[in-house]
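Structural overview
Below are the chains, spelled out letter by letter.
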Amino acid sequence: MATKSISKLKKELDKYFSLFIRLRDATNEGMVQCITSGRLYHYKKIHAGHFMSRRHMSTRWCEYNVAPQSAADNLFGQGEQYKFALALEAKYGEGTAEELQLKSRQICKMSRVDYEEKISYYKEAVKNLKKEKGIE
């Protein structure tokens with residue numbers, strides 16, 4: 001079997017991490033609230049929005065940095081960063097947004113093994129959340 005390229009591994013990790021984030025915050029009916037608008041969506045119909053952009057590798061797969069977010073807010077509202085920051089502070093405590101901004105500036109080099117370990121962790125977490133919540 002040919003080994004996957006780093007870009008393929010990154011894509012696969014993004015997929016499972018995004019699913020994890022959306023399922024983590026979903027009800028047993030599969031509904032999840034947009035972090036910036038508060039509207040409800042089915043977990044399959046909402047994005048995993050990043051407070052600090054995905055281009056920052058050190059926060060790209062940081063669970064505090066990512067939350068369910070509507071496509072409208074995530075794409076067309078440029079992530080609604082101010083509202084996102086307020087919601088993060090309310091959820092995780094004062095200073096969270098600033099900590100994430102500082103963390104986003106750190107250099108993060110991931111090896112093939114790092115990717116594979118994270119993929120396997122989030123794949124398993126997604127499976128467990130679906131089972132636990134009884135949703136598909």
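Anything mentioned here points back to the structure above.
Cut-off values and rules
Residues numbered from 1 in each chain as written. Predicted model: local features only at pLDDT ≥ 70, side-chain atom pairs only at ≥ 80, totals over all residues. Heavy atoms only, no water. Salt bridge = Lys/Arg side-chain N within 4 Å of Asp/Glu carboxyl O. Core = buried A, V, L, I, M, F, W, Y, C linked by side-chain atoms within 4.5 Å. Buried < 20%, exposed > 50% of the residue type's maximum accessible area, 1.4 Å probe, protein only. Helix = DSSP H or I, 4+ residues; strand = E, 2+ residues; numbered from the N terminus. Contact = heavy atoms within 4.5 Å. Disulfide = S-S within 2.5 Å. Lys, Arg positive; Asp, Glu negative; His and termini not counted. Polar contact = N/O pair within 3.5 Å; in protein donor to acceptor, adjacent residues only side chain to side chain. Phe/Tyr/Trp six-rings, centres within 6.5 Å; stacked < 30°, edge-to-face > 60°.

**Overview of the pattern of salt bridges**
All chains considered together, the criterion is met by 9 salt bridges. A salt bridge links arginine 24 to aspartate 25, with the shortest nitrogen-to-oxygen separation between them at 2.9 Å. Between lysine 130 and glutamate 136 there is a salt bridge whose closest N-O contact spans 3.7 Å. Several salt bridges share partner residues, and in doing so they unite Lys4, Glu12 and Lys123 into one network.

**Comments concerning the nonpolar core**
Leu13, Phe20, Leu23 and Tyr43 are the most contacted members of the largest nonpolar core, which has 24 residues in total. At the level of secondary structure, the elements contributing two or more residues to this core comprise α1 (6–24) and α6 (112–133). With 8 residues, α1 is the largest single contributor of residues to this core. Residues in contact with tyrosine 43, not counting those within four places in the same chain, are Leu19, Arg22, Leu23, Ala26, Gly30, Val32, Lys130, Ile135 and Glu136. Residues Cys62, Phe84, Ala87 and Leu100 belong to the second largest nonpolar core, which totals 11 residues.

**A word on the state of the cysteines**
Overall, the coordinates contain 0 disulfides when judged by the stated rule. Cysteine cysteine 108 remains unbridged, with the sulfur of cysteine 62 as its closest cysteine sulfur at 11 Å. A residue is classified by how much of its surface remains accessible, and cysteine 108, at 29% relative accessible area, is partly exposed.

**Digging into the side chain of aspartate 73**
Examined against the element boundaries, aspartate 73 turns out to sit in helix α3 (residues 71–76). No salt bridge is formed by the buried aspartate 73, whose closest oppositely charged neighbour, arginine 39, lies at an N-O distance of 5.3 Å. Within the local environment of aspartate 73, its side chain forms a polar contact with the side chain of threonine 36, the two groups lying 2.6 Å apart.

**Re the side chain of arginine 60**
When you line up the elements, arginine 60 lands in helix α2 (residues 57–60). Here arginine 60 falls in the buried class, since its relative accessible area comes to 8%. A distance of 2.6 Å separates a polar atom in the side chain of arginine 60 from a polar atom in the side chain of aspartate 14. Within polar-contact distance, the side chain of arginine 60 engages the backbone oxygen of arginine 54 at 3.4 Å. Those residues within four positions of arginine 60 in sequence are excluded, and the remaining contacts are Lys10, Asp14, Phe17, His50, Arg54 and Val66.

**Focus: the environment of lysine 45**
With respect to the helices, strands and loops of the structure, lysine 45 is situated in the loop between β2 (40–42) and β3 (47–50). Relative accessible area serves as the criterion here: at 65%, lysine 45 is assigned to the exposed category. Sequence-wise, lysine 45 and proline 68 are 23 residues apart; in three dimensions their C-alpha atoms are separated by 9.9 Å.

**What about the packing of aromatic side chains?**
All chains considered together, the criterion is met by 6 aromatic pairs. Pairing tryptophan 61 with tyrosine 115 gives two aromatic rings, centres 5.8 Å apart and planes at 85 degrees, and the pair type is edge-to-face. With tryptophan 61 in the loop between α2 and β4 (66–69) and tyrosine 115 in helix α6, the pair connects residues that are 54 residues apart, well separated along the chain. Exposure class is identical for tryptophan 61 and tyrosine 115. Each is buried. The interplanar angle of 80 degrees and the centroid separation of 4.6 Å between the aromatic rings of tyrosine 64 and tyrosine 92 together place this pair among those described as edge-to-face. Highlighted residues: tyrosine 64 in the loop between α2 and β4 and tyrosine 92 in helix α4 (residues 81–92), separated in sequence by 28 residues. Judged by its relative accessible area of 30%, tyrosine 92 is partly exposed.

On their own, these measurements won't tell you what the molecule is for.
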